[in-house]
Amino acid sequence: MDRNRKWVPGFGAVLLTLLSHMTSALEVPLDPKVLEGLPQPPTITLQSPKDYIFDPRENIVIHCEAKGKPHPSFSWTRNGTHFDVEKDPKVLMKPGSGTLVIDISGEKAEAYEGTYQCTAHNEHGTAVSNSIVIRQSRSPLWSKERNEAIVVQMGVSLVLQCRPPAGLPPPVIFWMDNNFQRLQLDKRVSQALNGDLYFSNVLPDDTRSDYICYARFPHTQTIQQKQPISVTVLDNSPEGERRPGFMTPLGTTSTKMVLRGETLELECVADGLPTPEISWQKDGGELPSSRMSFYNFKKTLKVSDVNEADGGDYRCTATNNLGTAHHVIKVTVKAAPFWVSAPRNLILAPNETGILTCRVSGEPKPKISWFVNGVSIENAPEDHRRKVDDDTVILSSVQSGSSAVYQCNASNEFGYLMANAFVNVLAEPPRVLTPPNRVYQVITNNPALLHCASFGSPIPIVTWFKDSQTSVKNGDPYVIHENGTLEIHVAQPLNSGKYTCIATNILGIKENHVYLEVKEPTRILKQPEYKVVQRGMSAVFECKVKHDPSLIPAMTWLKDDGELSRDERFEVDVDSLTINDVADEDEGTYTCIMNTTLDQDSASAMLTVVDATPPPAIVYEKPDPPTDLELTDQTERSVQLTWIAGDEHNSPTQKFLIQYEDLLHQPGVWINLTDVAGTSTTAQLNLSPYVYYSFRVLSENRVGYSQPSQPSNQYRTNPAAPDQNPSAVQGIGTQPGNLVISWTSLSGFQANGPSLEYKVQWRQKDVDDHWSSKNVANVSQFVVSGTPTYVPYEIKVQALNDYGSGPEPGIVIGYSGEDLPLSAPDSVQVMVHNSTLAEVHWEPVSFPSVRGKLQGYKVYYQRERSLHETEEDAERKEQVLTFSGNRSEGRLPGLQPYSLYNLTIRVLNNKGEGPPSTSKTFETPEGVPGPPSFLNVVNLSLDSLSLEWGPPMNNNGRLAGYTLKYQPVNTTNDLGPVKIMMFMANETTITMGNLNSSMLYKFHLSAKTIKGSGPIITKEAFTVMDTMPPVGPAFGKVNTSMLEGGAVISWDYFGHHKNVYVEYIVENSKEDWKKELVNGSHWHMIKGLKPGTSYKVRVVARDPADPTVHSTDEVLIAVPAVPSRQVDIATQGWFIGLMCAIALLILVLLIVCFIKRNKGGKYPVKEKEDAHQDPEIQPMKEDDGTFGEYRSMESDTEDHKPLKGSRTPSNGTVRRDESDDSLVDYGEGGDGQFNEDGSFIGQYSGKKEKDTHEGNESSEAPSPVNAMNSFV
């Protein structure tokens, strides 16, 4: 609580009294049947951000959604006065909502700028939204100026100023040249945060005439350019080397103010020769490495998520080989108001008391104001039951009808916070929400939870009865939780039966019956055994199971943790698996799993496959048992044992195992004592007091152990005090108020004497000096009652008998019982990183409120709905992530894009979870969409087809359109050129014509949002049905003509997409026909024929899917023996020279033509700027620099038309009469974009139209140079 708070006289005592009688906040269940009849004041569920910058080409949408019972009505104020929505025909309020849609088409958008506030009202109160400032985005023109050419000597520093127009929001600045290539930046040449270009020292290579500063305005999707700046670097009198100095900031110190939570940006740009290196440090502290990053070659330091500790002096140092320079930036951190604890809704019963708290922080300290139903609490009707003290409102003995909505407003000079919290006064009799007669089934020795969720006002008290008679009380084996759930820690069959829960408050009583059935566990009685089976034989694995007869079992067999192969050799019976005709691949581990609806059990065994007839081998057997055991050298604590080894049976003895029997404490039980090497037949044995010993020896070789020897004579040792204390001592509280001290008891062998007891000692760590103690016998635990909740205790347990005490025990630290946490995490904040990932931060709870060992925090979150108005909401499913340890943040992966999420956080200890934090909602941004739901090909014909597709199942945002890519595929699966088509979001069909007949086409379709294209759906189709038979003969007439060393064959073919070949063979030859593939053609040239030889030729069509083969008649051709000698004109020198001269002449004419046309038409950006001093404005597609889509014009005689879908902003920022160069005039619909280094990439082609706009005409032929220079 704030120590600086001013208290009115006697108010502290009043507050303490009220707190002692205050009822905890009542949670309203989400059950619609319960909510249906409950009145509820309004609650704002959705509102627009406080600062809303709108695009003047789109409608203004101001969100205001609220819920309540009855459903609230809505009203608005603008600039502090009532805004009559019905009187403005351009303003529409959505039905059942307060959301405003303002149509600004044909209107001045500035008329709707202002501060808006929404009010939601019903008979139980009034809720108000934040004040929403509506401003129009602006991209003003660059002021007209002429830049003087800059001439400098080599080595001096230089600054090229950008000074972009002040847009809303501010523009993004970058420098490029006339070829749309980003200027190369390095530690010598860099761009400052204000957009200016700094040269620490200039070089002759810096000489150029096209330093151009560009400003990109994201909201209006435009780019403007500054007039080019010309820089000439002379080297006739170069500047010498010099020490570093700072170009920005100036002087030795400067100041910087940053708000908490924002990103701190510090910049130091230095000049000097050689180029200085920049380094950073924080005076009197360290830079926050986890939130710090360097940019611009370490000239810029950015610190994200600034907090108060980031204030101080930051020193940047510039260094070269001549010296250093320092600049100190004094950073001050201020803070807009932020929540420490926002007010929460209260649901109170009549005569109960509640408290609203509005705890905020900020720098300077925020001022807190309270409102009731939107009216300042000072001006609200006086209520003697209401007391206000700064950030707290106390409501005493509330009455029915006093429901209201309270608003808390916290503000300082950097911003404000406003929250609504309703106080709903309800008087409701109890209701039990758990369905009646529910049957719970659990397995014996497992916990059982019987639920009794209830609702009522006042909060009902829940009691339980078993079999309608026996009252169930807290304590073993039952625990009744605060929410009414009855827990049985270890359920037994006797716990089965009927349970009745009764919910009671002053307004009534309600009961509900549930049933508990405790089932027998499933157990495998006979497990499968290890098998060694010869190849070709059968293997049988048995798996006999016992289970509760009321549960339906299901047996499953696995091999090597995978499913059994579908092989008829495997026979699965009720309780066995038989493998017939065993093969090598059957070797492995086989597991039987018996599942019921409640539990399962499993067992495994290995199968080893061996050869059917293994080669003969030496027979190895287990050794014979040792004989003639004898005890010598007998003392109180030791004895020597000797023996004679038995026959080894071809396998040397590896060791001897010595066992003993304690005839006093465990008669008939043989226990391993020690072992010795197989070469020894003597052992010195250490003994314990108060034991009646008898010894025996076993031999072991690689085959196994021998039978035991005959026992030795008995040897008794005398009693003594214990040599050791109990092990595994621990102290754990099982419930609040107790400490269970447990240990592992000593065996009779370890007792060393009769009358074994344990001295249990305990005391509270760092609190008690005196040890409490208790002697107990024949138990392994002791319960200390009346302990505080979860505090450390020092514990000791010592063994003692009739002959004395054991050694001094060590101290063990244990903790008393835990209880459920009291507090919920505060200051829950959500940072959305991208469309599928968010990061949640919270203020950890205080350790005392955990009331146990902190296990971590659980984040419960669920998707409330999609932000897309037309998208149906899927079923809400709550997800839970647990973050172990004392965490204050965590990441939420796998979110669905463009969705509204709700989350709460609970702290977790070993006892359970604490109360939930305040519910926090957040939105995920748009992402790429899913694939189109389907893509079908219909209406196939010889040269056309139609495509139909469906929108994606998940838009993940606002659907912007579709991209279709298609290409032909020939018979050798080679892909043809790709063609691309773009479609609007409402287009779902296209008919494509002018396709090749008998051709396979591959289509790729993807949907896109503003974030990009989603996955592709692919479809293939032929232009004709591949089952279409040819009509009439497949081939027509075949014609031939002869060439030197070859022949040309032509034919008519009427078939469909078959593989067509020209086959030929020497006449009267018995060799195979030679064939050449000629798909898609009706003629073919056969080369390489032997002169003076006759050939038979035919054309054949085959299809792998059709056994029918079509062929022409065989045609006989004769290759001339002596070809005519003709001169190839293409190889003559005079012809080649003539062609070169003609080509050169044409090139010269083209260049002259382009130059002449440029003088009257489109011209490069640099020439235009020199002529008009007016930079152009270009539409952009994305903030990342990608240009929008444009289509080529259809005619040279049409007038220029504006880009499809565009609208000129009302503020006149885009004026086509001033600048007529535009990307609209060029291209075939191809996309142009800036790549990562800023250079422009794309394809440009098509016709140039005659442009007539507002009386200005231009007639000009297209020019590639103009097309390139019109892009900026």
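Residues numbered from 1 in each chain as written. Predicted model: local features only at pLDDT ≥ 70, side-chain atom pairs only at ≥ 80, totals over all residues. Heavy atoms only, no water.

With an unreviewed UniProt entry as reference, the protein is termed Neuronal cell adhesion molecule a isoform X7, source organism Cottoperca gobio. The Sequence similarities (unreviewed entry) comment attached to the protein in UniProt states, word for word, "Belongs to the immunoglobulin superfamily. L1/neurofascin/NgCAM family." Entered under Subcellular location (unreviewed entry) in the UniProt record, the comment concerning the protein runs "Cell membrane". (UniProt positions renumbered as here; feature names shortened; annotations may be inferred.)

### Examining the overall build of the protein
Counting secondary structure elements, the protein contains 7 helices and 100 strands. For the protein, the proportion of its 1272 residues judged to be buried stands at 44%. (Helix = DSSP H or I, 4+ residues; strand = E, 2+ residues; numbered from the N terminus. Buried < 20%, exposed > 50% of the residue type's maximum accessible area, 1.4 Å probe, protein only.)

### Things to note about the pattern of salt bridges
Any two side chains of opposite charge can pair, so long as their charged atoms come close to each other. Taken as a whole and judged by the stated rule, the model has 38 salt bridges. The partner of Glu428 in a salt bridge is Arg431, with the nearest N and O atoms 3.0 Å apart. Here Glu1114 and Arg1098 are joined by a salt bridge, their closest N and O atoms 4.0 Å apart. With Glu1114 in the loop between strand S94 (1106–1111) and strand S95 (1115–1118) and Arg1098 in strand S93 (residues 1094–1103), the pair connects residues that are 16 residues apart, well separated along the chain. According to the relative accessible area criterion, Glu1114 is partly exposed, its value standing at 44%. Through salt bridges with shared partners, one network takes in Glu1063, Lys1096, Arg1098 and Glu1114. (Salt bridge = Lys/Arg side-chain N within 4 Å of Asp/Glu carboxyl O.)

### Observations concerning the state of the cysteines
Among covalent bonds in proteins, the disulfide is the one between the sulfur atoms of two cysteines. For the coordinates displayed, the defined rule picks out 6 disulfides. Covalent S-S linkage joins Cys268 and Cys316, the inter-sulfur distance amounting to 2.0 Å. The disulfide joining Cys268 to Cys316 has a torsion of about -70° about its S-S bond and is therefore left-handed. In this pair, Cys268 sits in the loop between strand S22 (264–267) and strand S23 (269–273) while Cys316 sits in strand S27 (residues 312–320), placing the two residues 48 residues apart along the sequence. Of the two residues, Cys268 and Cys316, neither departs from the other in class, the shared state being buried. (Disulfide = S-S within 2.5 Å.)

### Focus: the packing of aromatic side chains
This structure, assessed with the given rule, holds 22 aromatic pairs. Between the aromatic rings of Tyr861 and Tyr901, the centroid separation amounts to 6.5 Å while the plane-to-plane angle is 45°, which identifies the pairing as tilted. Placement of the pair is Tyr861 in strand S75 (residues 854–866) and Tyr901 in strand S78 (residues 899–909), with a sequence separation of 40 residues. On the accessibility criterion, Tyr861 (4% relative accessible area) is buried. Put simply, the rings of Tyr660, Tyr693, Phe695 and Phe749 pair up and form one aromatic cluster. (Phe/Tyr/Trp six-rings, centres within 6.5 Å; stacked < 30°, edge-to-face > 60°.)

### Some points on the nonpolar core
What tends to happen in soluble globular proteins is that the nonpolar side chains get buried as a cluster. With 29 residues, the main nonpolar core has Ile60, Ile62, Trp76, Ile102, Tyr116 and Ile134 as its most contacted residues. Looking at this core element by element, the count peaks at 3 residues for strand S9 (residues 114–122). Apart from the residues within four sequence positions on either side, Ile102 is in contact with Asn59, Ile60, Ile62, Lys90, Val91, Tyr112 and Tyr116. Membership of the second largest hydrophobic core comes to 24 residues, among which are Cys358, Val360, Val393 and Ala419. (Core = buried A, V, L, I, M, F, W, Y, C linked by side-chain atoms within 4.5 Å. Contact = heavy atoms within 4.5 Å.)

### Digging into the side chain of Ser651
Looking at the secondary structure, you find Ser651 in the loop between strand S59 (638–644) and strand S60 (655–662). We classify Ser651 as buried; its relative accessible area is 2%. Of the polar contacts made by the side chain of Ser651, one reaches the backbone nitrogen of Arg702; its length is 3.4 Å. Ignoring anything within four residues of it in the chain, the contact list for Ser651 reads Tyr620, Asn701, Arg702 and Val703. (Polar contact = N/O pair within 3.5 Å; in protein donor to acceptor, adjacent residues only side chain to side chain.)

### Examining the pairing of strand S85 (residues 1000–1009)
With respect to burial, S85 is a largely interior element, 9 of its 10 residues being buried. When strand S82 (residues 961–969) meets S85, the two strands line up antiparallel, connected through 9 bridges. Each bridged residue has a counterpart across the sheet, and for Val969 the counterpart in S85 is Leu1000. Taken together, the 6 bridges between S85 and strand S87 (residues 1017–1022) define a ladder with antiparallel strand orientation. Note on S87: the bridge partner recorded for Leu1000 is Phe1022. Pairing of S85 with strand S86 (residues 1012–1013) involves 2 bridges; the strand directions are antiparallel. Within the sheet, the bridge partner assigned to Lys1008 lies in S86 and is Ser1013. Linking S85 back to S86 in an antiparallel pair, the connection comprises 2 residues. (Pairing = 2+ DSSP bridges.)

### Description of the sheet that holds S78
Taken in spatial order, the 4 strands line up as S76-S75-S78-S79 in an open sheet, and their pairing is antiparallel. The open sheet has two edge strands, strand S76 (878–884) and strand S79 (920–923), and neither has a second partner. Shown here is a sheet whose adjacent strand axes are inclined to one another by a mean of 30°, direction ignored. The pairing of S78 with S79 spans 4 bridges and is antiparallel. For Asn902, the partnering residue across the bridge sits in S79 and is Thr921. (Axes fitted to C-alpha atoms, helices over the stretch in contact; angles between N-to-C directions.)

### So, the pairing of strand S19 (residues 229–234)
Because side chains alternate across S19, one face comprises the buried residues Ile229, Val231 and Val233, and the other comprises Ser230, Thr232 and Leu234, none of which is buried. Pairing geometry for strand S12 (residues 150–153) and S19, over 4 bridges, is parallel. Counterpart to Gln153 in the pairing with S19 is Leu234. Here 2 bridges tie strand S17 (residues 208–217) to S19, and the two strands are oriented antiparallel to one another. Bridge pairing in S19 links Tyr211 to Ile229.

### Some remarks on a negative patch on the surface
On the surface, a cluster of negative charge is made up of Glu621, Asp624, Asp647 and Glu648. Secondary-structure assignment places Glu621 in the loop between strand S57 (600–610) and strand S58 (627–632). (Patch = residues over 30% accessible without salt bridge, like charges linked within 9 Å, V, L, I, M, F, W, Y side chains within 5 Å. Areas by Shrake-Rupley, 256 points an atom, 1.4 Å probe, with all protein chains shown as cover. Lys, Arg positive; Asp, Glu negative; His and termini not counted. Charge placed at Lys NZ, Arg CZ, Asp CG, Glu CD.)

### Some words on the sheet that holds strand S33 (residues 375–376)
Across the sheet, 5 strands lie side by side as S29-S37-S36-S32-S33; this open sheet has mixed pairing. Of all the strands in the sheet, the pair left with one neighbour each is strand S29 (346–348) and S33.

### Some words on the side chain of Asp548
Note on placement: Asp548 falls in the loop between strand S51 (544–546) and strand S52 (554–559). Despite its burial, Asp548 pairs with no opposite charge; the closest candidate is Lys519, at 4.5 Å N-O. At 2.8 Å, the side chain of Asp548 and the backbone nitrogen of Glu520 are in polar contact. Engagement of the side chain of Asp548 in a polar contact is seen with the side chain of Ser550, the distance being 2.5 Å.

### With respect to unusual backbone geometry
For the peptide bond that leads from Leu273 to Pro274, omega is 5°, which places it in the cis range. As for its placement among the helices and strands, Pro274 is situated in the loop between S23 and strand S24 (277–282). Here the phi dihedral of Tyr790 falls at roughly 45°; this positive angle occurs in a residue that is not glycine. One can find Tyr790 in the loop between strand S69 (781–785) and strand S70 (792–801).

### Description of the confidence of the model for the protein
Where the model shows low pLDDT, its predicted coordinates should not be examined in detail. Averaged over every residue, the pLDDT of the protein is 83; residues scoring 70 or more account for 84%. Scored below 50 in pLDDT, residues 1025–1031 shows 10 contacts in the model against residues more than four places distant or in partner chains. (pLDDT = per-residue confidence, 0-100.)

### Regarding the environment of Val791
You can see Val791 is positioned in the loop between S69 and S70. Taking the relative accessible area as the measure of exposure, Val791 reaches 15% and is therefore buried. Placed 26 residues apart in sequence, Val791 and Lys765 show a C-alpha to C-alpha distance of 8.0 Å. Beyond its immediate sequence surroundings of up to four residues, Val791 is in contact with Gln764, Gly814, Tyr815 and Ser816.

### A closer look at a nonpolar patch on the surface
Nonpolar side chains collect at one region of the surface, where Trp1134, Leu1138, Met1139, Ile1142, Ile1146, Leu1150 and Phe1154 lie side by side and expose about 650 Å² of accessible area between them. You can see Leu1138 is positioned in helix H5 (residues 1133–1160). Looking at Leu1138, the relative accessible area reads 41%, which means it is partly exposed.

### Side note on the environment of Cys118
As for its position among the elements, Cys118 is in strand S9. Residue Cys118 is classed as buried on the basis of its relative accessible area, which comes to 0%. With 40 residues separating them in the primary sequence, Cys118 and Arg78 have C-alpha atoms 9.2 Å apart. With sequence-adjacent residues up to four places away left out, Cys118 is seen in contact with Cys64, Phe74, Ser75, Trp76, Ala127, Val128 and Ser129.

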